[in-house]
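Residue-level listing of the chains:
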Amino acid sequence: MTFGGWITFLLSTGTFTLIFALCVAKVLRSNKPKMMGKDMFTESFFAPETPQKPRRRAPKKIKRNLNKRR
């Protein structure tokens, strides 16, 4: 492989490895999510939803034409 090929190879693999290592480090340093293990079912996420009352619609305004003859 030529010198330029080695530079391209090392640059691309090095960049990929660096980004991968940063992502793994970020995941490992993050706080443990609450939705894991024994705490999984204590959250309100799994609680049943309370049914909501349907909203009443406002009454439609009736247009009256008072000038119209019957």
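Structure first, text after, so check above.
The model shown is predicted, which means the values in this text are computed figures rather than measured ones.

Cut-offs used in this document
- Residues numbered from 1 in each chain as written.
- Predicted model: local features only at pLDDT ≥ 70, side-chain atom pairs only at ≥ 80, totals over all residues.
- Heavy atoms only, no water.
- Helix = DSSP H or I, 4+ residues; strand = E, 2+ residues; numbered from the N terminus.
- Buried < 20%, exposed > 50% of the residue type's maximum accessible area, 1.4 Å probe, protein only.
- Areas by Shrake-Rupley, 256 points an atom, 1.4 Å probe, with all protein chains shown as cover.
- Patch = residues over 30% accessible without salt bridge, like charges linked within 9 Å, V, L, I, M, F, W, Y side chains within 5 Å.
- Salt bridge = Lys/Arg side-chain N within 4 Å of Asp/Glu carboxyl O.
- Phe/Tyr/Trp six-rings, centres within 6.5 Å; stacked < 30°, edge-to-face > 60°.

Draft legend 1. Structural view of the overall build of the chain. The helix and strand inventory of the chain stands at one helix and zero strands. Among the 70 residues that make up the chain, the fraction classed as buried is 0%. As presented, the chain carries roughly 8400 Å² of accessible surface, and 62% of it is formed by carbon and sulfur atoms.

Draft legend 2. Geometry of a nonpolar patch on the surface. A contiguous nonpolar surface patch, about 470 Å² in accessible area, is contributed by M1, W6, F9 and L10. Mapped onto the fold, F9 is located in helix α1 (residues 3–29).

Draft legend 3. Just the packing of aromatic side chains, in detail. Inspection of every chain in the model, using the stated rule, returns two aromatic pairs. Plain terms: the ring middles of W6 and F9 are 5.8 Å apart, the flat faces sit at 85° to each other, and that makes the pair edge-to-face. Residue W6 and its partner F9 are both found in helix α1; the two are separated by three residues, about one turn of the helix. Under the relative-accessibility criterion, F9 is labelled partly exposed at 39%. Between F16 and F20, the ring centres sit 6.4 Å apart and the planes meet at 10°, which makes this aromatic pair stacked. Of this pair, F16 and F20 are both found in helix α1, four residues apart, which corresponds to roughly one turn of the helix.

That is the geometry; function is a separate question.
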